[in-house]
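Structural features, examined
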Amino acid sequence: MKNYITVVGLEVHAELKTKSKAFCSCSTAFGSEPNTHVCPVCLGMPGALPVLNKQVVEFAIRTGLAVNCEIQKFNKFDRKNYFYPDLSKNYQISQFDKPICLGGHVDIHVDDNPKRIGITRIHMEEDAGKLVHSGATIKTSDSSAVDYNRAGVPLIEIVSEPDMRSAVEARAYLEKLKAILEYIDVSDCKMQEGSIRCDANISVMTEDAKEFGTRAEIKNLNSFRALERAIDYEVERQIELIEDGGHVVQETRTWDDAQGITLSMRSKEEAHDYRYFPEPDLVPVEIDDAWIERVKAALPELPAARKTRLMDEMGLQEYDAENIVATKAMAQYFDDAAKHTDDVKGLANWLLGDVSAYLNNNNIEIDKFPVTPANLGELVTLIKKGVLSSKLAKKVFVEMVKEDKSPKDLVKALGLEQVSDTDALQKMVDETLAENPQSIVDFKAGKDRAVGFLVGQIMKKSRGKANPAMVNEMLLQKLKE
Amino acid sequence: MDLYKSAAHELHEKLIKKEISSVELTENIYKRIDQVDGDVKAYVTLDKENALAQASKVDKMIAAGETIAPLAGIPGAIKDNISTKGLRTTCSSKMLENFVPIYDAHVIQKLRADETIFLGKTNMDEFAMGSTTETSYFPTTHNPWNLERVPGGSSGGSAAAIVAGEAIWALGSDTGGSIRQPASFTGCVGIKPTYGRVSRYGCVAFASSLDQIGPITRDVTDAATVLNTICGVCTMDSTSLNEEVPDFTKALKTDVKGLRIGVPKEYYAAGLDPKVDGVLKKALADYEAMGAEIVDISLPHTEYAVITYYIIAPAEASANLARFDGVRYGYRNMKATSAPEMTTASRTEGFGDEVKRRIMLGTYVLSSGYYDAYYLKAMQVRTLIRQDFENAFEQCDVLLTPTSPVVAYPIDGKMDPLAIYLLDVCTIPVNLAGLPGISIPAGFVDGMPVGMQLIGKVLDEETVLRAAYAFEQSHEYHKVMAPLGGK
Amino acid sequence: MKVTAKEVKHIANLSRLTVPDSEMEKFTEQFNQILNYADILQKLDTKGIEPTPYVLPISNVLREDIAVEGVSHEEALSNAPDVQNGGFKVPRVIE
């Protein structure tokens, strides 16, 4: 069997977090009762006309700058024509040949290997409404009800070059892109709520091929995991098809998460002819250098810059810094917690270790983490000061996630203060030595492991509260006498 | 008193002098409507209760000594493609037969602020597609000058209402001549303003880059008065111009000495009825006698205007009318079991033939493989047509042409669609170039009115109005009412 | 003949319209009449001529990002042919 190369390009739609919609002043608020944030414009009433929301342009420019695009000075809108009940005018106002951004890139790391993923273009458009199906799926429903609250919400579509060569790279790109969009505060990027959506264009080619293979477009990817699984499945499907002598068809397929397969969405109808033409109800948007400079000046700190800041100003290691800045929320949490402790390394370890494990096990993001940054910072400080052993700290942590109490209070309540009182410790050392004469013999015979055993005994005696470093030192001192 | 024969400016004087009341005036018009609309069929919907309530309100304002706007208390008619909140708006289509808008068009808001009176909604060609009002889903409107003839279109109902005394002022819309041509066929005044002068918010879109709302009135003074109210920038219409609106009535002077009137030879070519040509020639002589200078002009790309329009307008219309799918409003075929089937059935049953023809033509010229040859080409030719006018206006101040090459023809003439399209040859270029144009009565041919068109530079309604007013005041055409068979 | 009845059917489909078989011939003929007439445009040399998508020389008509209440839920649905759970009800979306 030949060796095949996977080729993946991603089309990402992100809902912009403006207060009002793209072409009317209705609120973009999510989760309200159906058809309560609507007006003649977004309902597509006869005679209604669009008026462009300035903030949509601002956010699009901001996004373009954050991913290194060329902002296009002359912009226009076009009508993309097709019939569907969730599209209130049966055309979508989008940008066809003069989009707001061209040519950019996003840098990713996969297993410490850096790679640059190209971006072809970014354009502005409006979202459609939502269909609520009477049955479980669109295929098994007799009817649907349309809610136009989402109709007209502004979107940016970010189209990547087909530069990704594996599911892992695709995931890394999507994660990085999502992080950037969150950092520059243009979108909520909540995949579950649909404020960020991803379609994958997947094809395969043999190593010696001169052209890309035919690609299939995969839709309905609702999580990072789905993206990875779908790519792996589709690549295999295409390879099998080709090896069996068949041809990959250019079509749209949907990812069926339950079955773990992609399914063709082709109907008897031919491919869409969108009949794009310039939107006559809108006038062009001309962006001058001054406008671009204004947006550039106000650009929030991007992940790369934040990472450098954490390394230079706080002395974090690159690996830690890279992972802390992976999402804006985590980076923000870190900054907030760092106000309550000097031990930034310890804080980083806790966040990337126990906290991340907790988040993963409970399937939540850090914005839902029940411990406040202040309290986590305090915990790290208590350990650093020697009031609490790291082992016992884990016990305290377990309590903190149940009830967000101050660690100081919990330590007192549970009686877990580390004993660092020299006299008390000395007493325990002497007692333990007296109780374990064989260990002294072993140590003198060169078995260093005896010390560890004795420390363990003292920890047991003190119910974990003895300061292990001090105990170790005292034991050695006594043993060497 | 035959109040229905008066112009708005005359009635305004009578109102503020308390010689008549608004209620009296409004009732007078409704009485006239009762008398003649059975024959004329200008109206689709009447709103008598609200109209009289409004009239009563204005009478109280006058009694309290308040200053009122020129159109306050004066009843007018609104073409049925202009959105009136709470009042049925059908676009003369089965598709919207029972549609009640939830918002007022911008022009309606402005007119309400002037405390004017809306008598009702007038008949039109379906979705403004047509030149005779015969494509209306409702019975066609009849020309008050000869009930067996068409009133023109698509604003036939508004124009017929004016000359039959069924409204004192009216609004129409004009995409390729739909205000000016019916004004010409019925012997009244119709203005299409510069594109962008009047907000399109609430005007049910036919062709977005060509549509404009404008007044249809008994005389030029009333047209200027209505323009004063409806013009102005609108925050809900991105294509409305942020230009100062002058007081158009101040442009109404009879002095045209030195006015350079351009006569584009292409508008006086084959196809022009020789008798209509005779009326225009006489008008030119009248202008010369008044001191105007006649300039020979050529607009070389005129012959391409009709087809350019009939590519661009249907293309935009095909998308503008896509929203009529039976989902949120309008006619729905309730038997269909799938949404695509429902939409196809609703549109097929809800739209008439002309609308369907134009939608399909529009879809075709935009479709993959044909876009460059048709739509793109048409947009380029549009540029050439605009340039023709720009060049012409370097040599003259205003252009004079027939509004239509013929006078009103019989209803149900069974003409080919293309033959009807070609009769729009004089009015279409004005929309393509976005210029202001007026049609005023210039004479008669075999008992039927003949209109002449004056075309101005962008934003120069004032020169157009002046030229029109000067001609009007030296004749009596604006004082003649349609005979209506002795009624 | 610019378009055949088959092509007319395809265009009708794209437009979500049906032309009844009895009307098809006449419709196709009228359609062709117009398209044949459109050939006169090909006589014109338009090389280098900018198309006019915008009649007005204006740009940057923009609105501030302020949310304003739209119409009420009842008004929004007031012309709806069929309603379900506060939404516009339609029959099954895919054939």
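Keep in mind it's a predicted model, so treat the numbers as computed, not measured.

**Comments concerning the overall build of chain B**
Along the backbone of chain B there are 15 helices and eleven strands. At 21 Å, chain B has a C-alpha radius of gyration in line with the 23 Å of a compact globule built from 487 residues. Counting only C-alpha atoms and orienting by the principal axes, one finds that chain B spans roughly 65 × 55 × 45 Å. Scored against the burial criterion, the 487 residues of chain B give a buried share of 70%. Taking all contacts inside chain B whose residues are at least 6 apart in sequence as the whole, residues at least 24 apart take part in 76%. Total accessible area on chain B is roughly 14,700 Å²; 50% of this is exposed by carbon and sulfur atoms. The positive charge centre, built from 47 side chains, and the negative charge centre, built from 60, are 3 Å apart in chain B.

**A closer look at the interface of chain A and chain C**
Accessible area lost when the parts come together is the quantity often used to give the size of an interface. Listed per partner, the contact involves 52 residues of chain A and 34 residues of chain C. Together, S25, F83 and V283 of chain A form the three largest contributors to the area buried by chain A at its contact with chain C, with a combined 14%. At the junction of chain A and chain C, the tally comes to zero salt bridges. On inspection of chain A and its partner chain C, the count reaches 23 residue pairs in polar contact (both at pLDDT 80 or more). Going through the elements one at a time, β2 (52-53), α1 (54-66), β10 (143-147) and β17 (285-286) of chain A are the ones with two or more residues in the side of chain A that touches chain C. Looking at the side of chain A that touches chain C, the element that brings in the most residues is β10 of chain A, giving four residues. For the side of chain A that touches chain C, the per-class residue count stands at 27 nonpolar, twelve polar and 13 charged. Where β2 of chain A lies against strand β1 (residues 62-63) of chain C, two bridges are found, and the strand directions are parallel. By the bridge assignment, L52 of chain A is partnered in β1 of chain C with L62 of chain C.

**Some details on the confidence of the model for chain B**
When pLDDT is averaged along chain B, the result is 96; 99% of the residues meet or exceed 70. Interface confidence in the predicted complex, given as ipTM, is 0.96; pTM for the same model is 0.91.

**Focus on the packing of helix α2 (residues 22-40) of chain B against helix α3 (residues 48-63) of chain B**
Residues and elements named next belong to chain B. Close contact between α2 and α3 brings their axes to 7 Å; oriented N to C, the two are set at 155°. Here α2 lies roughly antiparallel to α3, going by the angle between them. Where α2 abuts α3, its residues S22, V23, T26, E27 and Y30 lie against K48, A51, L52, A55, S56, V58 and D59. Tallied by class, residues from the contact of α2 with α3 come to six nonpolar, three polar and three charged.

**A few points about the sheet that holds strand β5 (residues 189-192) of chain B**
Residue and element names in this part refer to chain B. Here eleven strands make up an open sheet; going across it, the order is β1-β3-β2-β4-β6-β5-β10-β11-β9-β7-β8 and the pairing mixed. Each of the sheet's edge strands pairs with one partner strand only, and the pair in question is β1 (43-46) and β8 (293-297). Across this sheet, the average inter-strand angle for adjacent strands is 30°, counted without regard to direction. Note: β5 against strand β10 (residues 437-445), three bridges, orientation antiparallel. The residue of β10 that forms the bridge with I191 is I438. Where helix α15 (residues 461-473) meets the sheet, its contacts fall on β5, β9 (398-402), β10 and β11 (448-456), and the angle it forms with β10 comes to roughly 20°.

**Points about the packing of helix α10 (residues 390-402) of chain A against helix α11 (residues 407-414) of chain A**
To characterise two packed helices, one gives the angle between the axes of the helices and the distance between these axes. Residue and element names in this part refer to chain A. As a packed pair, α10 and α11 sit with axes 10 Å apart at the nearest point and diverge in direction by 115°. Between α10 and α11 the crossing geometry is right-handed. In this structure, α10 uses V396, E399 and M400 to contact α11, whose residues at the interface are P407, L410, V411 and L414. The residue makeup of the contact of α10 with α11, split by class, is six nonpolar, no polar and one charged.

**Digging into the sheet that holds strand β15 (residues 261-264) of chain A**
All names here are of chain A. Reading across from one edge, β3-β7-β8-β11-β1-β12-β13-β14-β15 is the order of the nine strands in this open sheet, with mixed pairing throughout. Looking at the sheet topology across the chains shown, the edges are occupied by β3 (70-71) and β15. Running over the sheet, α1 touches β3, β7 (101-110), β8 (113-126) and β11 (154-160) and is turned about 165° from β8. Against the sheet, helix α2 (residues 167-183) makes contact with β1 (4-15), β7, β8, β11 and β12 (196-206), and its axis sits at roughly 115° relative to β7, the strand it touches most.

**A word on helix α7 (residues 328-338) of chain A**
Buried within α7 of chain A we find M330, A331, Y333, F334, D335, A337 and A338 of chain A. Lining the buried residues of α7 of chain A we find α2, α5 (303-314), α6 (318-324), α8 (344-361) and α9 (373-385) of chain A.

**Side note on the packing of aromatic side chains**
Following the criterion strictly, the structure yields 31 aromatic pairs over all chains and no others. Taking 4.8 Å as the distance between ring centres and 85° as the angle between the ring planes, the aromatic pair formed by Y309 of chain B and Y310 of chain B counts as edge-to-face. Grouping residues by exposure puts Y309 of chain B and Y310 of chain B together as buried. With a centroid separation of 6.4 Å and an interplanar angle of 45°, the aromatic rings of Y370 of chain B and Y374 of chain B are classed as tilted. Relative accessible area serves as the criterion here: at 28%, Y370 of chain B is assigned to the partly exposed category. A connected cluster of aromatic rings, assembled from ring pairs, spans Y333, W350, Y358, F369 and F397 of chain A. Lying across the ring of W350 of chain A, K394 of chain A places its NZ or CZ 5.8 Å from the centre.

**Here we look at the interface of chain C and chain B**
Taken together, the contact between chain C and chain B spans 51 residues of the former and 63 residues of the latter. Contact between chain C and chain B buries roughly 5,200 Å² in total, counting both sides, with carbon and sulfur atoms accounting for 67%. Linking chain C to chain B there are one salt bridge. Salt-bridge contacts for K85 of chain B lead to E75 of chain C; the nearest nitrogen and oxygen are separated by 3.7 Å. For the side of chain C that touches chain B, the secondary-structure elements that each account for two or more residues are α1 (5-14), α2 (21-37) and β3 (87-91) of chain C. By residue number, the principal contributor to the side of chain C that touches chain B is α2 of chain C, which donates eight residues. Residues that form the side of chain C that touches chain B fall into these classes: 31 nonpolar, nine polar and eleven charged.

Definitions and limits used
Residues numbered from 1 in each chain as written. Chains lettered and ligands numbered in written order. Predicted model: local features only at pLDDT ≥ 70, side-chain atom pairs only at ≥ 80, totals over all residues. Heavy atoms only, no water. Helix = DSSP H or I, 4+ residues; strand = E, 2+ residues; numbered from the N terminus. Rg over C-alpha atoms; globule rule 2.2 N^0.38 Å. Buried < 20%, exposed > 50% of the residue type's maximum accessible area, 1.4 Å probe, protein only. Contact = heavy atoms within 4.5 Å. Areas by Shrake-Rupley, 256 points an atom, 1.4 Å probe, with all protein chains shown as cover. Lys, Arg positive; Asp, Glu negative; His and termini not counted. Charge placed at Lys NZ, Arg CZ, Asp CG, Glu CD. Buried area = accessible area lost by both parts, 1.4 Å probe. Salt bridge = Lys/Arg side-chain N within 4 Å of Asp/Glu carboxyl O. Polar contact = N/O pair within 3.5 Å; in protein donor to acceptor, adjacent residues only side chain to side chain. Nonpolar A, V, L, I, M, F, W, Y, C, P; charged D, E, K, R; others polar. Pairing = 2+ DSSP bridges. pLDDT = per-residue confidence, 0-100. Axes fitted to C-alpha atoms, helices over the stretch in contact; angles between N-to-C directions. Parallel < 35°, antiparallel > 145°, perpendicular 65-115°, else oblique. Left-handed = near helix turned anticlockwise from the far one by under 90°. Phe/Tyr/Trp six-rings, centres within 6.5 Å; stacked < 30°, edge-to-face > 60°. Lys NZ or Arg CZ within 6 Å of the ring centre and 35° of its normal.

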